[in-house]
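# Report on the structure
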Amino acid sequence: MSTSAVQIYFWCILLFANVGISAYLPLERDALLDVKSHLEDPQNYLSNWDESHSPCEFYGVRCDKISGEVTGVSLSNVSLSGTISPSFSVLRQLHTLDLSANSISGIIPAVLTSCTNLQVFNLSMNSLAGQLPDLSSLLKLQVLDLSTNSFSGAFPVWISKLSGLTELGLGENNFDEGDVPESIGLLTNLTWLFLGQCNLRGEIPASVFDLESLGTLDFSRNQMTGVFPKAISKLHNLWKIELYQNNLTGEILPELAHLTLLSEFDVSQNQLTGVLPKEIVRLKKLKVFHIYRNNFYGELPEGLGDLQFLESFSTYENQFSGKFPGNLGRFSPLNAIDISENFFSGEFPKFLCQNNKLQFLLALSNNFSGEFPSSYSSCKTLERFRVSQNQFTGSIPYGMWGLPNAVIIDVANNGFVGGISSDIGISATLSQLLVQDNNFSGELPKELGNLSQLQKLDASNNRFSGQIPTQIGNLKQLSYLHLQHNAVEGSIHPEIGLCNSLVDLNLAENSLSGEIPDTLGSLLMLNSLNLSHNMISGEIPEGLQSLKLSYVDFSHNNLSGPVPLQLLMIAGDDAFSENSDLCVSDTSEGWRQSSTSLPPCQWTDNHHNFSRRRLLAVLIIVSSLVVLLSSLACLRYENNRLEVFNRKLDTESGDDSDPKWIIEAFRPPEVNPSAALPLPMVTQLLGDREEQC
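Because the structure is predicted, anything quoted here is derived from the model rather than measured.

### Digging into the overall build of the protein chain
- Tallying secondary structure elements over the protein chain gives six helices and 44 strands in all.
- Expressed as a percentage of its 693 residues, the buried residues of the protein chain come to 47%.

### Brief notes about the nonpolar core
- The biggest cluster of nonpolar side chains holds 166 residues, and the ones touching the most others in it are Leu144, Phe219, Leu256, Phe265, Phe313 and Phe554.
- Mapped by element, the contributors of at least two residues to this core are α1 (3–37), β2 (61–63), β3 (70–74), β43 (558–563), α2 (565–571) and β44 (581–584).
- The leading source of residues in this core is α1, at four residues.
- Residues in contact with Phe265, not counting those within four places in the same chain, are Phe228, Ile241, Ile252, Leu256, Leu286, Val288, Phe289, His290 and Ile291.

### Points about the sheet that holds strand β6 (residues 103–106)
- The strand order across the open sheet built from five strands is β1-β4-β6-β8-β10, with neighbouring strands paired in mixed fashion. Sheet topology places β1 (39–40) and β10 (150–152) at the edges, where each strand pairs with a single neighbour.
- Inspection of the sheet shows strand β4 (residues 81–82) paired to β6 by two bridges, in the parallel sense. In the strand pairing of β6, Gly82 is matched with Ile104.

### A word on the pairing of strand β25 (residues 343–346)
- Alignment of strand β23 (residues 319–323) against β25, held across three bridges, turns out to be parallel. Residue pairing in the sheet places Ser321 in a bridge with Phe343 of β25.
- Of the strand pairs in this sheet, β25 and strand β27 (residues 367–371) are connected by two bridges, and their pairing is parallel. Directly across from Ser345, in β27, lies its bridge partner Asn367.

### Some thoughts on the pattern of salt bridges
- Across all of its chains, the model carries ten salt bridges by this definition.
- For Arg201, the salt bridge identified is with Glu177, shortest N-O distance 3.4 Å. Of this pair, Arg201 sits in strand β14 (residues 200–202) while Glu177 sits in the loop between β11 (167–169) and β12 (178–179); the two residues are 24 residues apart in sequence, bridging distant segments of the chain.
- By relative accessible area, which is 36% here, Arg201 ends up partly exposed.
- Classification of Glu177 by relative accessible area gives exposed; the value is 51%.
- One network of salt bridges, with partners in common, ties together Glu177, Asp179 and Arg201.

### With respect to the environment of Glu242
- Residue placement: Glu242 occurs in strand β17 (residues 240–242).
- Between the alpha carbons of Glu242 and Asp266 there is a distance of 5.1 Å; along the sequence they are 24 residues apart.
- When neighbours within four sequence positions are excluded, Glu242 is seen to be in contact with Leu217, Asp218, Phe219, Ser220, Glu264 and Asp266.

### Considerations on empty space enclosed by the protein
- Summed over all chains, the structure comprises two cavities of 30 Å³ or more.
- The calculated volume of the largest cavity comes to roughly 50 Å³.
- In terms of lining residues, the largest cavity is bounded by Ile468, Pro469, Thr470, Ile472, Gly473, Ile492, His493, Glu495 and Ile496.
- Class assignment of the residues belonging to the lining of the largest cavity gives a composition of five nonpolar, three polar and one charged.

### Section: unusual backbone geometry
- At Gln389, a residue that is not glycine, the phi angle is positive and equals roughly 60 degrees.
- Relative to the helices and strands, Gln389 is located in the loop between β28 (384–386) and β29 (391–395).
- Classification of Gln389 as partly exposed rests on a relative accessible area of 42%.
- Even without being a glycine, His533 presents a positive backbone phi close to 55 degrees.
- Along the chain, the position of His533 falls in the loop between β40 (528–530) and β41 (537–538).
- The class of His533 is partly exposed, set by a relative accessible area of 38%.

### Looking at the packing of aromatic side chains
- Across all of its chains, the model carries 26 aromatic pairs by this definition.
- Between the aromatic rings of Tyr45 and Tyr59, the centroid separation amounts to 5.4 Å while the plane-to-plane angle is 40 degrees, which identifies the pairing as tilted. A residue pair is termed long-range when its members are at least 10 positions apart, and Tyr45 in the loop between β1 and β2 and Tyr59 in the loop between β1 and β2 qualify at 14 residues.
- You can call Tyr45 partly exposed: its relative accessible area is 31%.
- For the cation-ring pair, Arg330 lies above Phe351, with the distance from its terminal atom to the ring centre recorded as 4.3 Å.

### Re the sheet that holds strand β35 (residues 463–466)
- Spatially, β33-β35-β37-β39 is the arrangement adopted by the four strands of the open sheet, whose pairing is parallel. Each edge of the open sheet is held by one strand with a lone partner, namely β33 (441–443) and β39 (511–513). Averaged over all pairs of adjacent strands, the angle between their axes in this sheet comes to 20 degrees, without regard to strand direction.
- Where β35 and strand β37 (residues 487–491) come together, two bridges link them in parallel fashion. Paired with Gly466 across the strands is Val488, a residue of β37.

### Looking at the environment of Thr216
- In this fold, Thr216 is placed in strand β15 (residues 216–218).
- By relative accessible area, which is 5% here, Thr216 ends up buried.
- A C-alpha to C-alpha distance of 8.7 Å links Thr216 and Asn237, two positions 21 residues apart in sequence.
- In contact with Thr216, other than residues within four places in its own chain, are Thr191, Trp192, Leu193, Leu238, Trp239 and Lys240.

### Some thoughts on the state of the cysteines
- Evaluation of the coordinates by the stated rule reveals three disulfides.
- Each disulfide pairs two cysteine sulfurs, and for Cys353 the partner residue is Cys379, the sulfurs being separated by 2.1 Å. Torsion about the S-S bond of the Cys353 and Cys379 cystine: about 90 degrees, corresponding to right-handed handedness. Separated by 26 residues along the polypeptide, Cys353 in the loop between β25 and β26 (360–362) and Cys379 in the loop between β27 and β28 bring together distant segments of the chain.
- The class for Cys353 is buried, based on a relative accessible area of 7%.
- Exposure remark for Cys379: the relative accessible area of 1% places this residue in the buried category.

### Some words on the pairing of β35
- Burial along β35 is one-sided: Phe464 and Gly466 are buried, and none of Arg463 and Ser465, which face the opposite way, are.
- Bridge count for β33 against β35 is three bridges, and the pairing is parallel. From the neighbouring strand, Ser441 faces β35, where its bridge partner is Arg463.

### Here's the deal with the confidence of the model for the protein chain
- On average, the protein chain scores 87 in pLDDT, and the residues at 70 or more come to 82%.
- Every residue in residues 5–23 is under pLDDT 50, and counting partners more than four places away or in other chains gives three contacts.
- This model gives residues 604–618 a pLDDT under 50, and the stretch forms eight contacts once residues within four places in sequence are excluded.

About the thresholds
- Residues numbered from 1 in each chain as written.
- Predicted model: local features only at pLDDT ≥ 70, side-chain atom pairs only at ≥ 80, totals over all residues.
- Heavy atoms only, no water.
- Helix = DSSP H or I, 4+ residues; strand = E, 2+ residues; numbered from the N terminus.
- Buried < 20%, exposed > 50% of the residue type's maximum accessible area, 1.4 Å probe, protein only.
- Core = buried A, V, L, I, M, F, W, Y, C linked by side-chain atoms within 4.5 Å.
- Contact = heavy atoms within 4.5 Å.
- Pairing = 2+ DSSP bridges.
- Salt bridge = Lys/Arg side-chain N within 4 Å of Asp/Glu carboxyl O.
- 1 Å grid on protein atoms, 1.4 Å probe; cavity = no way out; pocket = protein on both sides within 12 Å on 5 of 7 lines; lining within 4 Å.
- Points joined across faces, edges and corners; volume = space filled by probe spheres on them.
- Nonpolar A, V, L, I, M, F, W, Y, C, P; charged D, E, K, R; others polar.
- Phe/Tyr/Trp six-rings, centres within 6.5 Å; stacked < 30°, edge-to-face > 60°.
- Lys NZ or Arg CZ within 6 Å of the ring centre and 35° of its normal.
- Axes fitted to C-alpha atoms, helices over the stretch in contact; angles between N-to-C directions.
- Disulfide = S-S within 2.5 Å.
- pLDDT = per-residue confidence, 0-100.

Right, dumping it as C-alpha cells:
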C-alpha cells in the first residue's frame with residue numbers, strides 16, 4: 001500500500017471516530033447536566049458543568065482518551081447534597097462512580113444496575129436510605145463501599161455473587177438483625193472487609209477464615225458471639241483486626257503471633273479473659289494494641305517494651321497487676337496510652353514520652369507508688385494527663401504544671417506535696433484542673449487567671465492557704481469551683497461574681513471572713529453554693545434568692561440578719577445552723593408554713609433590745625459599785641494615814657492612851673447588786689437615754 005493510500009485510510013478512521021464521538025458527547029453531557037440538577041453544590045465545584053464545555057472538561061469527570069466516553073465521575077468530599085440521578089445509567093462505559101463523603105440523601109436508583117462496566121462504586125459516608133437494590137449484575141465490581149449510610153432491610157445475600165470484589169464495605173448501616181451469610185467466604189479476592197455496626201449477630205462464619213488475601217477484618221460494634229477464633233491465625237496477610245464492642249469470649253491464644261504483619265489489633269469491649277500470651281511480643285509491627293474493657297488479668301509481657309512502632313496502647317478496665325513493662329515507649333513513637341483501672345503497682349514507667357510524641361497519658365485508678373518520674377518534665381506534647389487515684393508521693397516534677405497543649409491535668413487522690421507552680425499559666429488551653437485530695441500547700445497562684453478555657457477547678461481537701469486570687473474573676477468559662485477543706489483565708493472577693501458560668505461553688509471548711517459579696521447574686525447559672533464552716537459575717541445578700549439554687553449551705557459561720565425566705569424553703573434550717581444572729585424576716589403565713597426553728601426578726605430585735613437594756617443596767621450597777629467601793633477604800637486609806645500620823649504625834653508627845661484617837665477597823669456594809677438600784681428605775685433611765693440618743 002502506498003504512502004498516500006495509508007494516509008487516506010488513517011484520515012477515514014479519524015473521520016468516522018469523530019462522527020461517533022460528536023454524536024455521543026451531547027447525550028452524556030445532557031445526562032451529567034441532569035445529574036447536576038439533582039444536586040446542591042454550595043461550594044460551586046460543578047460550576048463548569050454547562051453546555052459550553054465538553055463533558056470531559058467537567059470537574060471530577062474522566063473520559064476515555066480514544067472514544068471520548070465518560071469513564072469516571074469522582075466527586076468525593078465536595079459538600080454535595082441532594083439525590084442521585086437515574087441519568088448515571090446513560091454512562092455505559094462508566095468504570096468509577098465515587099460520591100463518598102457528602103450529604104447526599106434518598107435511595108440508590110435501581111436503574112444503576114445497567115452500568116455493567118462499573119469497577120468502583122463508592123457512596124460511603126452519605127445519608128442514603130432505603131433497601132439496597134440487587135447489584136449482583138455488576139460483575140466487574142472490584143470495590144463496593146456503601147458504608148456509613150442509613151440503608152435498611154435484610155443484609156444483602158447477593159453480595160456473594162460479586163466474586164471479583166477486593167474491597168467490601170457495608171458497615172454502619174441499619175440492616176435487620178441477622179447472621180453473617182456463610183456464602184461471604186466465596187469472595188476469595190477480598191483484601192478489605194468492613195461489616196462493623198450493621199446489626200450482625202452469631203459467630204463469625206468459618207468461611208471467613210479462608211479469605212487468605214484479607215488484610216482488614218472488621219466486625220466491630222455488632223452482637224457477635226462465640227470464643228475468640230483460633231482460626232484467625234490462618235489469615236497471614238492480616239494487618240488490621242477490628243472486633244471490638246461485641247460479645248466474644250475465651251482467651252487470646254498464642255497462635256495470634258503467627259500474624260506477623262499485624263499492625264492494628266482491637267478486641268476491646270468484649271468478655272475476653274485470661275493472661276496475655278508471652279508470644280504476643282513477636283508482633284513486631286504493632287502500632288495499635290487495644291484490649292480495654294475485658295477481663296484479662298496477670299502481668300503484661302515484659303517484651304512489650306521492645307516494640308518499635310507502637311503508637312497507641314490501651315488496657316484500661318481489666319484486672320492486670322504487677323509491675324508495668326519498664327521500657328514501654330522507649331523505642332517507639334508512643335502517642336496515646338490508657339492503662340487506667342487496673343492493679344498495676346510499683347514505680348511508674350519512665351519512658352512513655354521518650355520520643356516526645358505522647359499526647360494522652362491516662363493511668364488513673366491503679367496502685368503506682370513512689371515519686372512521679374522527673375523524665376516527664378519535658379513532655380510538652382501532653383494534652384490529657386491523668387494519674388489520679390494512685391499512691392504517688394513527692395512533688396509534681398518541675399515543668400509539668402506548664403503544659404502548653406494540655407486540656408486536662410488530673411493528679412487527684414494521691415499523696416503529692418508542694419504547691420501549684422506559677423507555670424500553670426502556660427497551660428492556657430486547660431479545661432480541667434483536678435488536684436483534690438492531696439497534701440498540696442501554699443497559695444493558689446494568681447496565674448490561674450490566665451486559664452481562660454478553664455471549666456473545672458477542684459483543689460479541695462488539701463492544705464492551701466492564703467487568699468483566693470482575685471484573678472479567678474477572669475475565668476468566664478469556669479462552671480465548677482471547689483476549694484473546700486483547706487486553710488484559705490481572707491474575704492471572698494467580689495471578682496468571683498464575674499465568673500458568670502459558675503454552676504457549683506464550694507468554699508466550705510476554710511478560714512474565710514468578711515461578708516458575702518453581693519456580686520454572687522449575679523451568677524445566674526449558679527445551682528449549688530456551699531460557704532459553711534468559715535468565719536463569714538454580715539448578712540446574706542438578698543439577691544441570692546433570685547438565683548435558681550437547688551443546694552445552699554451557710555452553716556457554722558458568724559452570719560446575722562434575715563435569712564431570705566426563698567433560700568430557707570430550698571435548704572431548710574440545717575443550712576443556716578450555728579449562726580446565732582440569723583432570723584427570718586417574714587412573719588406572715590409563708591414563715592409559718594416553712595416550719596423553721598429560726599426566730600422571726602421582729603422577736604429577735606425585741607429580744608436583742610431587751611438584752612442590751614439588761615446589759616446596760618448591769619454595767620451601771622457594776623460601775624456604781626466600783627465607784628462606791630473605790631470611795632470607801634480611799635476613805636479607809638485616809639483614815640489609816642491619819643491614824644499613823646496621829647500615833648506618831650502621840651509618840652512624840654509621850655501619850656498614846658487618849659481614847660478619842662482609837663478608831664475601830666473599817667468594814668464596808670454588805671451590798672446586794674441587784675438591789676443597789678431598782679430595776680424600774682434603771683429601765684426608766686435607759687428609756688430616757690434612748691430618747692435622748
